[in-house]
Amino acid sequence: MTALAAIATPAVLVDRVKLAANIRDMQAVCDQHGVELRPHIKTHKMVAVARQQLAAGARGLTCAKLGEAEAMLPSGVRNLFVAHSLVDPGQAPRIAALADQLDDFRVAVTSEAHAEALISLAAHIGRKLGVMIAVDSGLGREGARDMSAASGIATLLARCSHLELRGFYTHEGHFYGVSRKQLPSRAAELVDRLCALRDAIDPALAVWPGCSVSARMIASAGRVQAVRPGAYVFGDLSLTRAAGVITAEAVALHVLATVVDKPEPGLALIDAGSKVFSSDRTPDGLSALAADGRDIAVARVNEEHGYLRGSAVDALRIGERIVFTPAHVCTVVNLTDTVIVIESGQPVDTWRVEARGRTQ
Ligand SMILES: Cc1ncc(COP(=O)(O)O)c(C=O)c1O
């Protein structure tokens, strides 16, 4: 392979050893406490990574869209959950095909209004589908807001012979803003609430919470059946700085970019902008930080430019290459066709991002 110094930039780099460690560590916590790991593939969107998660012991995969689920089939996955509100009867043949190819294919039901739409869709599928009821745990996005809404959904499902209630899930994405000190009590409250809701409807059903901020903590309590973290495989500034649950050294994905101009003191420009880093930023407005600890931040982006600020910027040379940790890894991966796999700092492979852009 081409040496790293000769790789065209901007490029997305994946450290093979760190990735393997992140997969292994999360799996070990789950195994130790008898909790299934069903990682969300929205972060990596790559068959190569899904294969490693499954080989390490993941019980199944979670996807956001049918297109992601279809793209992950070559990984050998047998159990798949699409955690999104499917409503389009035009998708029925794709859902049926996925159900036919998997041992266990589940979809989400996300409110009473959505249950009606899913019941209509299910009538076109021609086979029984497992469903997981979404519960809103504070993000304020999809999910039953309270016990009465969850019971209402369960009652609607009981009347539909094509859908079988299998459990409950939540996405506690708002935990990224919870302090490290408050996290244990918030996670315990969330599990209490989900389990109480489940017990009131049917104690035999499964409970599947767990984002990358809380998955280890929730799995360690051993009271749920599965967790579904996504971003933990690579890590990013959201997990190292905002949530503080992953160390900077454990981050397995970076962006390699080149300094292309120094138009004024205190400012350097790189060849990576919003088409590489996406428009997602840290709570303090940064798109990325230099991974080697120098005070260099991508403080602003246009489509093809990143604006570097910080005390180490004036010492940069035009043509110098910098490795950055992005603010939000999932949207970075979705913007690249391939990633360069590195080991001991040198490229060893290229992986295709098969589910890139699979938003349908
Ligand atoms: C439904 C659902 N489950 C799981 C996840 C994984 O969350 P994280 O990447 O924080 O681990 C997400 C992320 O957006 C999600 O929307």
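Everything quoted here is computed from the prediction, not taken from an experiment. (Residues numbered from 1 in each chain as written. Predicted model: local features only at pLDDT ≥ 70, side-chain atom pairs only at ≥ 80, totals over all residues. Heavy atoms only, no water.)

Enquirer: Go over the overall build of the protein with me, naming the residues and quoting the values.
Expert: Within the protein, the secondary structure is distributed over 11 helices and 17 strands. Relative to a compact globule of 360 residues, whose C-alpha radius of gyration would be 21 Å, the protein shows 21 Å and is just as compact. Principal axes of the C-alpha set define a box for the protein whose edges measure 70 × 45 × 35 Å. Per-residue burial for the protein yields a buried fraction of 54% across its 360 residues. Surface accessibility of the protein: about 14,400 Å² in total, with carbon and sulfur atoms responsible for 49%. Put simply, the protein has 38 plus and 38 minus side-chain charges, and the middle of one group is 1 Å from the middle of the other. (Helix = DSSP H or I, 4+ residues; strand = E, 2+ residues; numbered from the N terminus. Rg over C-alpha atoms; globule rule 2.2 N^0.38 Å. Buried < 20%, exposed > 50% of the residue type's maximum accessible area, 1.4 Å probe, protein only. Areas by Shrake-Rupley, 256 points an atom, 1.4 Å probe, with all protein chains shown as cover. Lys, Arg positive; Asp, Glu negative; His and termini not counted. Charge placed at Lys NZ, Arg CZ, Asp CG, Glu CD.)

Enquirer: Explain the domain arrangement of the protein residue by residue, including any values.
Expert: When the parts of a complex come together, some accessible area is lost, and that lost area is often taken as the interface size. Taken domain by domain, the protein consists of domain 1 (4–12 + 246–352) and domain 2 (17–234). Taking only C-alpha atoms into account, the centre of domain 1 sits 32 Å from that of domain 2. Between domain 1 and domain 2, the contact holds 14 residues from the first and 16 residues from the second. Here domain 1 meets domain 2 over a buried area of about 1,200 Å², counting both sides, of which 69% is carbon and sulfur. In terms of surface lost to domain 2, no three residues of domain 1 exceed Ala252, Cys330 and Trp351, which account for 37% of the buried area on that side. Taken together, the links from domain 1 to domain 2 amount to 0 salt bridges. Where domain 1 touches domain 2, the interface holds 3 residue pairs in polar contact (both at pLDDT 80 or more). For the side of domain 1 that touches domain 2, the secondary-structure elements that each account for two or more residues are α11 (329–333), β16 (338–343) and β17 (346–352). By residue class, the composition of the side of domain 1 that touches domain 2 is 10 nonpolar, 1 polar and 3 charged. (Domains from an automatic or database assignment. Contact = heavy atoms within 4.5 Å. Buried area = accessible area lost by both parts, 1.4 Å probe. Salt bridge = Lys/Arg side-chain N within 4 Å of Asp/Glu carboxyl O. Polar contact = N/O pair within 3.5 Å; in protein donor to acceptor, adjacent residues only side chain to side chain. Nonpolar A, V, L, I, M, F, W, Y, C, P; charged D, E, K, R; others polar.)

Enquirer: Residues and numbers for the pairing of strand β1 (residues 11–15), please.
Expert: Extensive coverage of β1 is indicated by the burial of 5 of its 5 residues. Here β1 shows a buried face lined by Ala11, Leu13 and Asp15 and a second buried face lined by Val12 and Val14. Across 3 bridges, β1 lies against β16 in parallel orientation. Each bridged residue has a counterpart across the sheet, and for valine 14 the counterpart in β16 is valine 341. (Pairing = 2+ DSSP bridges.)

Enquirer: Let's hear about the environment of histidine 254: which residues, and what values?
Expert: For histidine 254, the location among the structural elements is in strand β10 (residues 253–264). The buried category is assigned to histidine 254, whose relative accessible area is 12%. Between the alpha carbons of histidine 254 and valine 341 there is a distance of 11 Å; along the sequence they are 87 residues apart.

Enquirer: Give a description of helix α7 (residues 183–201) that names residues and reports values.
Expert: Its 19 residues give α7 an end-to-end C-alpha distance of 27 Å, which sits within 8% of 27 Å, the value for a rise of 1.5 Å per residue. All of the buried residues along α7 are Leu183, Ala187, Leu190, Val191, Leu194, Cys195, Leu197 and Arg198. All buried residues of α7 fall inside an arc of 160° around its axis, so they share one side. Tucked inside the fold, the buried residues of α7 contact α6 (147–158), β7 (163–169), β8 (206–208) and α8 (215–221). (Expected span 1.5 Å × (residues − 1). Arc of directions from axis to C-beta.)

Enquirer: Can you tell me about the site of the ligand, naming the residues and giving the values?
Expert: If you check the shell around the ligand, you find His40, Lys42, Ala83, Arg141, His171, Tyr176, Cys211, Ser212, Arg228, Pro229, Gly230 and Ala231 and nothing else. Contacts to the ligand include alanine 231, whose backbone N or O atom sits 3.0 Å from an oxygen atom. In a pocket analysis with a 2 Å cut-off to the grid points, the ligand is assigned to the largest pocket. Classifying every residue of the shell around the ligand gives 5 nonpolar, 4 polar and 3 charged. (Near = heavy atom within 4 Å. 1 Å grid on protein atoms, 1.4 Å probe; cavity = no way out; pocket = protein on both sides within 12 Å on 5 of 7 lines; lining within 4 Å. Sits in = over half its atoms within 2 Å of the grid points.)

Enquirer: Just give me the short version of the state of the cysteines, but keep the residues and values in it.
Expert: Tallied over the full model, the rule gives 0 disulfides. Of the cysteine sulfurs around cysteine 330, a residue in no disulfide, the closest is that of cysteine 211, at 11 Å. (Disulfide = S-S within 2.5 Å.)

Enquirer: Any chance you could break down the sheet that holds strand β6 (residues 129–134) for me, citing the residues and the numbers?
Expert: In space, the 6 strands of this open sheet follow the order β3-β4-β5-β6-β7-β8, with parallel pairing throughout. The open sheet has two free edges, formed respectively by β3 (61–63) and β8, since each of these has just one partner strand. Each strand axis lies, on average, 30° off the axis of its neighbour in the sheet, ignoring direction. Relative to β8, β7 runs parallel, the two sharing 3 bridges. Across the sheet, residue glycine 167 finds its bridge partner in β8, namely alanine 206. Lying over the sheet, α7 contacts β7 and β8, oriented at roughly 155° with respect to β7. (Axes fitted to C-alpha atoms, helices over the stretch in contact; angles between N-to-C directions.)

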